[in-house]
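What follows is each chain in one-letter form.
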Amino acid sequence: RVKILNGCGITNAADWAAGRLKGPGVSITAVGNADGFNYPKTLIQSSIGTPVALEEAVERLGLRPDQVESLAAAEDADVVVIVGRDYLNLRGKKRERTHSGKK
């Protein structure tokens, strides 16, 4: 169970990550906004370690398995992905920032 949150303020960043993470063994439970848009790097927090399905999903985002950090179990997800400003590098192209009011 994976929850994906936009932590960078770039429109559709969480939706893009959800599309990249979909696959066998990965169930997207929620897509939304993080508690703020100031995350410089994408964070992957897991209460279940790094199972094979998560390793493959992390690679699909262009990240490394060692970027997964331990997190206490959440009620609605085993894994929380907070998409940070490095989304532009993961994505491979620039996109407008709209949530923060700047372009």
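About the criteria used
- Residues numbered from 1 in each chain as written.
- Predicted model: local features only at pLDDT ≥ 70, side-chain atom pairs only at ≥ 80, totals over all residues.
- Heavy atoms only, no water.
- pLDDT = per-residue confidence, 0-100.
- Helix = DSSP H or I, 4+ residues; strand = E, 2+ residues; numbered from the N terminus.
- Contact = heavy atoms within 4.5 Å.
- Polar contact = N/O pair within 3.5 Å; in protein donor to acceptor, adjacent residues only side chain to side chain.
- Pairing = 2+ DSSP bridges.
- Axes fitted to C-alpha atoms, helices over the stretch in contact; angles between N-to-C directions.
- Salt bridge = Lys/Arg side-chain N within 4 Å of Asp/Glu carboxyl O.
- Buried < 20%, exposed > 50% of the residue type's maximum accessible area, 1.4 Å probe, protein only.

A. Structural context of the confidence of the model for the protein chain. For the protein chain, per-residue confidence averages 79 on the pLDDT scale, and 80% of positions sit at 70 or higher. Least confident of the elements in the protein chain is helix 2 (residues 52–60), whose mean pLDDT is 75; most confident is strand 2 (residues 28–33), at 94. Per-residue pLDDT stays below 50 along residues 93–103; that stretch engages in 23 contacts with residues further than four places along the chain or on separate chains.

B. The environment of Tyr39, seen in detail. Relative to the assigned elements, Tyr39 resides in the loop between strand 2 and strand 3 (43–46). Distance in space between the C-alpha atoms of Tyr39 and Gly7 is 5.3 Å, their sequence separation being 32 residues. The residues contacting Tyr39, other than those within four sequence positions of it, are Gly7, Ala34, Ile82, Gly84 and Arg85. Here the side chain of Tyr39 touches Asp35 through a polar contact of 2.7 Å, side chain to side chain.

C. How the structure looks around the sheet that holds strand 3. Ordered by their spatial adjacency, 5 strands build an open sheet running 2-1-5-3-4, and the pairing between neighbours is mixed. If you trace the sheet from one side to the other, it starts and ends with strand 2 and strand 4 (68–70), each paired once. On average, each strand axis in the sheet is inclined to that of its neighbour by 20°, with strand direction left out of account. Pairing geometry for strand 1 (residues 2–6) and strand 2, over 5 bridges, is parallel. Counterpart to Asn6 in the pairing with strand 2 is Asn33. On the sheet, helix 1 (residues 13–21) packs against strand 1, strand 2 and strand 5 (79–83) and is oriented at approximately 150° with respect to strand 1.

D. Examining the pattern of salt bridges more closely. Here the structure, examined in full by the defined rule, presents 1 salt bridge. The partner of Arg1 in a salt bridge is Asp78, with the nearest N and O atoms 3.2 Å apart. Here the residue Arg1 occupies a position in the segment before strand 1, and Asp78 occupies one in the loop between strand 4 and strand 5, the gap between them amounting to 77 residues. For Arg1, a relative accessible area of 39% gives the class partly exposed.

E. Representation of the environment of Val83. Tracing the sequence through the fold places Val83 in strand 5. Residue Val83 is classed as buried on the basis of its relative accessible area of 1%. Between the C-alpha atom of Val83 and that of Ile44, which follows or precedes it by 39 residues, the distance is 8.5 Å.

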